[in-house]
Amino acid sequence: MKEQIFSAKNGVDVKFKHKPSKYDFNHIVFVFSGFLKSIPGNYDFIRALEDCPCDVIWINDDFEGMYSYYLCVNMNFRVENAITEFIKHQVQKKSLPWDNVTVTGFSKGGTAALYYGLKLDIKNIVTTVPQIYIGSYLDKHWKPTAKHMMGENYSKIKIQYLDNLLPHLIYKDTNIKKNIYLLTSESDEQYELHIKPFISLFGKYSNFNLLKTYSLFVRQHNQVTGHHTSLLLSIYYALASEAVPRFNDGLVSFFGSQPALTSESSLEPLIDLQKINIVGNRLFIEGIALLKGLDAENYSDIDYKLIFKGTKNYSKPLAKDDKPKLTRDFFENTIISYDKCWFTTYKHEGIDISDIDRGSYVLHIKIKIKNHEENIELVSLKNIVISNNIFTFSSSSTKNILTFS
């Protein structure tokens, strides 16, 4: 799918991608995206929805080179006007009734789905982990976007203005014949502020479904959506088929299978070097290093050292990073947290290697998790070969060699 541009009457360009419907499906899904990197450009769920039989339109939140919550730049709501025009244009072009329209999104995109679903009186809204208080959230967590939307020296009044946008729509909405699906989790660090106070208000809608996950694999905000892709797809496919779902009197409590507790640890090391580079006198390196069966939920649980073995040996400290995805990736039916089993360099600034003599070395990593320690050759599950005028490096699943030119 190629990116397309819709030029609104007010001069704002809306970037989007469109997957046409198949067969006789007469429905359209608009997808709003969440934050991904420091600058916009992402289209969420684009692979997950590529086989959805109805029309799917992904809208990019890229307005003047920065995210905007699909709303405004410098408190000018020309973006909102352009999005509104775009949605209406697409629906009219398909000659669809508004009952055959769904808006959906995830995190920031979930906020946008709620906003436009309520503002445009759209029948079907599927939202995951949205932020209700937009201004406060931006002020605390996304300063560049906050300045982009509210101005360089924004005031508390502007924060409050954005905070009031969604609550105002929720409180004032009198058309309660809507199908709203809200996926959330009490483990989401945003739940207490952004979701919990509004659950009773959503209860006024005739088909409000609270989809709440208690899975052990959902322990923070950015894990909620991905862990329940299949549930979300079932809703989209049902709506596209004119089969509006209603779940368990409006409540789904997902616990999943409960992994068995175990007191035994295999202690088998799993090493996977994923990135390595040298710039000037600094070595940049990242990857996975864990001992199977040993928890590393906290930074204090684990310690790494990088060992250079050659005619002379050197030892350099490594840092850890938080990667909860590792706990999912290496799950083997036991409750083990590998959250901090990602080695990297302090503040991702690299390691000073100016004191290391020229020559060839085999890289090892020393892992210490609680009272257990292993010294393992730093191998990669995929072959890595790098060569330039500073160094050469090659690694396989069994060995590696680093040579300074």
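Note that the structure is predicted; figures quoted are calculated from it, not measured.

Rules behind the numbers
- Residues numbered from 1 in each chain as written.
- Predicted model: local features only at pLDDT ≥ 70, side-chain atom pairs only at ≥ 80, totals over all residues.
- Heavy atoms only, no water.
- Helix = DSSP H or I, 4+ residues; strand = E, 2+ residues; numbered from the N terminus.
- Buried < 20%, exposed > 50% of the residue type's maximum accessible area, 1.4 Å probe, protein only.
- Contact = heavy atoms within 4.5 Å.
- Areas by Shrake-Rupley, 256 points an atom, 1.4 Å probe, with all protein chains shown as cover.
- Lys, Arg positive; Asp, Glu negative; His and termini not counted.
- Charge placed at Lys NZ, Arg CZ, Asp CG, Glu CD.
- Axes fitted to C-alpha atoms, helices over the stretch in contact; angles between N-to-C directions.
- Parallel < 35°, antiparallel > 145°, perpendicular 65-115°, else oblique.
- Left-handed = near helix turned anticlockwise from the far one by under 90°.
- Nonpolar A, V, L, I, M, F, W, Y, C, P; charged D, E, K, R; others polar.
- Salt bridge = Lys/Arg side-chain N within 4 Å of Asp/Glu carboxyl O.
- Expected span 1.5 Å × (residues − 1).
- Bend = angle between axes of the 7 residues up to and from the residue.

*Asks:* Break down the overall build of the protein for me, citing the residues and quoting the values.
*Replies:* Secondary structure assignment for the protein yields 10 helices and 20 strands. When its C-alpha atoms are laid out on the principal axes, the protein stretches across 75 × 50 × 50 Å. Burial status across the protein gives 52% buried among its 405 residues. Long-range contacts, defined as pairs at least 24 residues apart, comprise 69% of the intrachain contacts of the protein with a sequence gap of at least 6. Entry remark: accessible area of the protein is about 19100 Å², with carbon and sulfur atoms responsible for 49%. Taking the average location of the 47 positive side-chain charges in the protein and that of its 44 negative ones, the two points are 3 Å from each other.

*Asks:* Kindly report on the packing of helix α2 (residues 108-119) against helix α5 (residues 156-172), identifying the contributing residues and their values.
*Replies:* One way to put it is that α2 packs onto α5 with a least axis distance of 10 Å and a crossing angle of 40°. Looking at the two axes, α2 sits oblique to α5. When the axes of α2 and α5 are compared, the crossing they make is left-handed. Facing T111, L114, Y115, L118 and K119 of α2, the residues of α5 in contact are L165, L166, L169 and I170. Grouping the amino acids of the contact of α2 with α5 by side-chain chemistry returns 7 nonpolar, 1 polar and 1 charged.

*Asks:* Explain the pattern of salt bridges to me, and be specific about the residues and the numbers.
*Replies:* A full pass over the atoms with the stated rule returns 18 salt bridges. Residues K178 and D121 are paired through a salt bridge, measuring 2.7 Å at the closest nitrogen-oxygen approach. Note that K178 is positioned in the loop between α5 and β7 (179-184) and D121 in the loop between α2 and β6 (124-128), a separation of 57 residues in sequence. The shortest N-O distance in the salt bridge between K196 and E192 comes to 3.7 Å.

*Asks:* Can you tell me about α5, naming the residues and giving the values?
*Replies:* End to end, α5 covers 24 Å across 17 residues, agreeing with the expected 24 Å (1.5 Å per residue, within 8%). At N164, α5 shows its largest bend, some 30°, and a proline, P167, comes one to four positions later. Within the span of α5, buried status applies to I159, L162, D163, L165, L166, P167, L169 and I170. The elements touched by buried residues of α5 are α2, α3 (134-141), α4 (143-150) and α7 (199-202).

*Asks:* How would you explain helix α1 (residues 78-93) if you had to name every residue and give the values?
*Replies:* Here α1 is 16 residues long and its end C-alpha atoms lie 22 Å apart, about the 22 Å a rise of 1.5 Å per residue gives. Of all the positions in α1, only V79, E80, A82, I83, T84, F86, I87, Q90 and V91 are classed as buried. In this structure, the buried residues of α1 make contact with β1 (4-7), β2 (13-19), β3 (28-32), β4 (55-59), β5 (101-106) and α2.

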